[in-house]
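If you want the building blocks of each chain, they are given just below.
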Amino acid sequence: MADATTTAKDRIDRALATLERKVLELKARPATAPAVGDDDLFAPRAGLPEDAERIAALEAAGRDAAGALALAADAVRDILDRQARDGQG
């Protein structure tokens, strides 16, 4: 279970670092600069063939993150239950 939790934490950390980098890059751009193609990762774009792949990747990442968070929550609940049974909680 610890490996899944560590993997989930690493993926979340990488995603947050990427998001923070993109936010900083966008903030550093002058207001007059042209729009960046991926400045809104979740904005729908009509009719572009690469959108289906992009959306599928976002959905898969969301499912992976949800699964990893569920595993982490189960691990925390298990630890709390054991501590409560052992009188440590």
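Note that this is a predicted model, so its numbers are computed, not measured. (Residues numbered from 1 in each chain as written. Predicted model: local features only at pLDDT ≥ 70, side-chain atom pairs only at ≥ 80, totals over all residues. Heavy atoms only, no water.)

Chemist: Looking at this structure, I do not really get the overall build of the protein. What am I missing?
Modeler: Broken down by element type, the protein carries 2 helices and 0 strands. Counting every atom, the protein has about 7,100 Å² of accessible surface; 61% of that belongs to carbon and sulfur. (Helix = DSSP H or I, 4+ residues; strand = E, 2+ residues; numbered from the N terminus. Areas by Shrake-Rupley, 256 points an atom, 1.4 Å probe, with all protein chains shown as cover.)

Chemist: Hey, could you run me through helix α2 (residues 49–86) in this one?
Modeler: Working note: α-helix, 3.6 residues per turn, so residues spaced by three or four point in the same direction. Spanning 38 residues, α2 covers 57 Å between terminal C-alpha atoms, matching the ideal 56 Å at 1.5 Å per step. For α2, the full list of buried residues reads D51, A68, A72 and A75. One or two positions beyond α2, positive phi appears at G87, with a value near 80°. (Expected span 1.5 Å × (residues − 1). Buried < 20%, exposed > 50% of the residue type's maximum accessible area, 1.4 Å probe, protein only.)

Chemist: Quick question: what am I supposed to make of a nonpolar patch on the surface here?
Modeler: A cluster of nonpolar side chains, contributed by I12, L16, L19, V23 and L69, occupies part of the molecular surface with about 400 Å² of accessible area. The element best represented in the nonpolar patch is helix α1 (residues 2–28), accounting for 4 residues. Mapped onto the secondary structure, L19 falls in helix α1. Accessibility expressed as a relative area gives 45% for L19, which makes it partly exposed. (Patch = residues over 30% accessible without salt bridge, like charges linked within 9 Å, V, L, I, M, F, W, Y side chains within 5 Å. Salt bridge = Lys/Arg side-chain N within 4 Å of Asp/Glu carboxyl O.)

Chemist: Honestly, the pattern of salt bridges in this entry has me stumped. Any pointers?
Modeler: When the charged atoms of two side chains lie near each other, side chains of opposite charge can form a pair. Applying the stated criterion across every chain, the model contains 5 salt bridges. The closest approach of N and O atoms between D13 and K9, which form a salt bridge, is 2.7 Å. In this pair, D13 and K9 are both assigned in helix α1, 4 residues apart and thus about one turn of the helix distant. By relative accessible area, which is 34% here, D13 ends up partly exposed.

Chemist: So what exactly am I meant to see when it comes to the environment of T6 here?
Modeler: Inspection of the secondary structure puts T6 in helix α1. Considered as a pair, T6 and A72 are 66 residues apart in the sequence and their alpha carbons are 9.0 Å apart.

Chemist: Would you take a moment to explain the environment of A65 for this structure?
Modeler: Here A65 lies in helix α2. Its relative accessible area of 32% is what places A65 among the partly exposed residues. Between the C-alpha atom of A65 and that of A8, which follows or precedes it by 57 residues, the distance is 6.9 Å.

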